[in-house]
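Understanding the architecture of this molecule
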Amino acid sequence: MIMGMMILGKRYNRTKYVSVAMVTLGIYICTSASVMDAQKTNETNKQSEGHSQDHFTLLIGVGMVVLSLIIASGLGIFQEKLYRTYGKHSKEAMFYTHAMSLPFFVLLVSDIGDHVTVFNNSETVVVAAVLPTIPKMWLFLLGNVMTQYVCVRTVFLLTSECSSLTVTLVITLRKFLSLIFSVIYFRNPFTIYHWIGSVFTFTGSLLFTGLHVTLMVQLGLMKPEEEKTSVDSDAVMVREVTKIEEETREPGIRKRQQVASGSN
C-alpha cells in the first residue's frame, strides 16, 4: 500500500487503510508468538541437552520473509504498469520471469548434482504395475513442481485482473495460512496470541473485500443505495489512470493513422 501511494500516487478509502493495518498487526502478533514459543523451546533444550538453536538464524528467516514481501510489492506495481501499457499477457510474463532466471542456476550446479545423487538413492516406490520403481524423492519433487505451477499461474492471473495491493494481500494471507498450518502440523502450542492474530488477520481480510458492506445491507443496517456509493476507490483510481493514459496515447495514434493514410 505504501509503495503504491509513493510510486503510483494511489489513494484509498479509510476501510482499506484499517483492513491492511489489521492484517499487518495480526501477522505480527502470530509471528511474535511463534518466535517466543521457539525461544522457550530452545531454553528447554539447552537445559536438557546442553545446546540451543541460534536465534539469529530465526531472525534472518523472518527478515527474508519481510524482504520478499517488499520485493513482491515492487514487482506487483511494475507488472500493474506493464499490463496497463502493453495489455494483460499473464502467460508471457510468467514465461519470461522464469526463463530469465534459469541461467543463475549455473551457480548451483554442484549443489544440484549432490541432490540428484540423494534423490536417486532414496527409497523406491511402485507407481503402477507397468512402470518401473521410482525413487520416492523424485515423486515428491514432481508433486512440488505441479503444485508450484498452480500457485504461480494463479498469482500471475491475479496480477492481470487485480491491483498490486490486492495481489500482495492475497500472497501475505497465503504466507499467514502457511504459518498457521505449520503450527498445527508440527503440534506447536496455539496460544491466545495466535488466536488474537488470527482474528485480526481474517477480520482485516473481510474488511478489505467489502463483505461487511454486503452483510450490513442484508441485515438492514445500510440501504442498497449506500452500498453502491461505497465503491472501491482503488478501482476508481485505476479507471481514471487508464483513461488518462488512453487520452495521452490517442493523439499519437491519430497522427500515425494520418501519416499512414497520406502515404497510401
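Attention here is on the structure that accompanies the text.

**Section: the nonpolar core**
- Counting eleven residues, the largest nonpolar core is built from Tyr-12, Val-20, Val-23, Ile-27, Cys-30, Leu-165, Leu-169, Leu-173, Phe-176, Ile-180 and Phe-208.
- Listed by contribution, the elements that provide at least two residues to this core are helix H2 (14-49) and helix H7 (164-185).
- The leading source of residues in this core is H7, at five residues.
- Not counting chain neighbours up to four residues away, the residues in contact with Phe-208 comprise Lys-16, Ser-19, Val-20, Leu-165, Thr-166 and Leu-169.

**Describing the packing of helix H4 (residues 90-99) against helix H6 (residues 136-161)**
- At a minimum axis distance of 9 Å, the contact between H4 and H6 shows a crossing angle of 125°. Looking at the two axes, H4 sits oblique to H6. The hand of the H4/H6 crossing is right-handed. From H4, Ser-90, Lys-91, Ala-93, Met-94, Thr-97 and His-98 reach across to H6, where they touch Tyr-149, Val-152, Arg-153, Phe-156, Leu-157 and Ser-160.
- Partitioned by chemical class, the residues of the contact of H4 with H6 number six nonpolar, four polar and two charged.

**Quick look at the environment of Thr-85**
- Assignment of secondary structure puts Thr-85 in helix H3 (residues 55-86).
- Residue classification places Thr-85 among the partly exposed residues on the basis of a relative accessible area of 43%.
- A polar contact of 3.0 Å, which involves the side chain of Thr-85, links it to the backbone oxygen of Lys-81.

**Considerations on the packing of H7 against helix H8 (residues 192-209)**
- Interaxial distance between H7 and H8 falls to 12 Å at its minimum, and their mutual angle equals 155°. If you check the angle between H7 and H8, you find them roughly antiparallel. Once H7 is placed against H8, the crossing between them reads as left-handed. In contact with Leu-165, Thr-166, Leu-169, Leu-173, Phe-176, Leu-177, Ile-180 and Val-183 of H7, H8 contributes His-194, Gly-197, Ser-198, Thr-201, Phe-202, Ser-205 and Phe-208.
- A class-by-class count of the residues in the contact of H7 with H8 yields nine nonpolar, six polar and no charged.

Thresholds applied
- Residues numbered from 1 in each chain as written.
- Predicted model: local features only at pLDDT ≥ 70, side-chain atom pairs only at ≥ 80, totals over all residues.
- Heavy atoms only, no water.
- Core = buried A, V, L, I, M, F, W, Y, C linked by side-chain atoms within 4.5 Å.
- Buried < 20%, exposed > 50% of the residue type's maximum accessible area, 1.4 Å probe, protein only.
- Helix = DSSP H or I, 4+ residues; strand = E, 2+ residues; numbered from the N terminus.
- Contact = heavy atoms within 4.5 Å.
- Axes fitted to C-alpha atoms, helices over the stretch in contact; angles between N-to-C directions.
- Parallel < 35°, antiparallel > 145°, perpendicular 65-115°, else oblique.
- Left-handed = near helix turned anticlockwise from the far one by under 90°.
- Nonpolar A, V, L, I, M, F, W, Y, C, P; charged D, E, K, R; others polar.
- Polar contact = N/O pair within 3.5 Å; in protein donor to acceptor, adjacent residues only side chain to side chain.

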